[in-house]
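# Examining the three-dimensional arrangement
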Amino acid sequence: MTIRYKKPDKKNALSILEASKRDMKFTLSLDLSDESGTTIARNIYECFRMLGDALLVAKGIESKDHVLPISELLKIQADTRRPIQLIDNLRKLRHNINYYGYQPRRIEVEDAISIAENCFNPLFKEVDRIINS
């Protein structure tokens, strides 16, 4: 894990935060099919990773991998209807999709959608509060 320390950048962090919200809204608007499942699962994970990146950028930390942004996000105390630790499962799913050509099953994509619907907005609000405090 490579960490580079930089000047904290609240403006960039908020930009990343808003991009994650915009991308999640678009991703959840896609119809689920065999063809769209890979894109939906991958995008949902990326939106959560962006929340973690926003936290790091606000602290002045640049990470070169996905582990640090996700672990930073998992430290957040937010009232979600599903455990936020499930986001790490999305990281593993995305890794298999990107590096092994894995085609997620419909139930896996439905689970990713459920995680997004139950965790993203509470985490988004808490990350926004942290960055703006």
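Below is a short write-up of the structure. (Residues numbered from 1 in each chain as written. Predicted model: local features only at pLDDT ≥ 70, side-chain atom pairs only at ≥ 80, totals over all residues. Heavy atoms only, no water.)

## Some remarks on the overall build of the protein chain
Along its length, the protein chain carries 5 helices and 2 strands. Its helices and strands in sequence order give the protein chain the pattern β-α-α-β-α-α-α, from N to C terminus. Taking 133 residues into account, the globule formula puts the C-alpha radius of gyration at 14 Å, and the protein chain, at 14 Å, falls close to it. If you line up the protein chain on its principal axes, its C-alpha atoms span 45 × 30 × 25 Å. (Helix = DSSP H or I, 4+ residues; strand = E, 2+ residues; numbered from the N terminus. Rg over C-alpha atoms; globule rule 2.2 N^0.38 Å.)

## Some remarks on the nonpolar core
Among the nonpolar cores identified, the biggest contains 36 residues, and Ile44, Phe48, Leu51, Leu73, Ile87, Leu123 and Val127 are the most heavily contacted of them. Of all the elements in the fold, those that place two or more residues in this core are helix H1 (10-29), helix H2 (37-59), helix H3 (67-74), helix H4 (87-100) and helix H5 (106-132). With residues near it in sequence (within four places) discarded, Ile44 still touches Met24, Thr27, Leu28, Leu90, Ala112, Ile113 and Ala116. (Core = buried A, V, L, I, M, F, W, Y, C linked by side-chain atoms within 4.5 Å. Buried < 20%, exposed > 50% of the residue type's maximum accessible area, 1.4 Å probe, protein only. Contact = heavy atoms within 4.5 Å.)

## Considerations on H5
In an α-helix, one turn spans 3.6 residues, which is why side chains three or four residues apart end up on the same side. With 27 residues, H5 extends 38 Å between its outermost C-alpha atoms, agreeing within 8% with the 39 Å of an ideal straight helix rising 1.5 Å per residue. For H5, the principal kink sits at Cys119 and spans about 40 degrees; a proline, Pro122, occurs within the next four residues. (Expected span 1.5 Å × (residues − 1). Bend = angle between axes of the 7 residues up to and from the residue.)

## Comments concerning the packing of H1 against H2
Remark: H1 packs on H2, axes separated minimally by 8 Å, with the N-to-C direction vectors making an angle of 165 degrees. Judged on the interaxial angle alone, H2 and H1 are roughly antiparallel. The crossing of H1 and H2 is left-handed. Across from Asn12, Ala13, Ile16, Leu17, Ala19, Ser20, Asp23, Met24, Thr27 and Leu28 in H1, the residues of H2 making contact are Ile40, Asn43, Ile44, Cys47, Phe48, Met50, Leu51, Asp53, Ala54, Val57 and Ala58. Tallied by class, residues from the contact of H1 with H2 come to 15 nonpolar, 4 polar and 2 charged. (Axes fitted to C-alpha atoms, helices over the stretch in contact; angles between N-to-C directions. Parallel < 35°, antiparallel > 145°, perpendicular 65-115°, else oblique. Left-handed = near helix turned anticlockwise from the far one by under 90°. Nonpolar A, V, L, I, M, F, W, Y, C, P; charged D, E, K, R; others polar.)

Any functional reading would require information beyond the geometric quantities listed.
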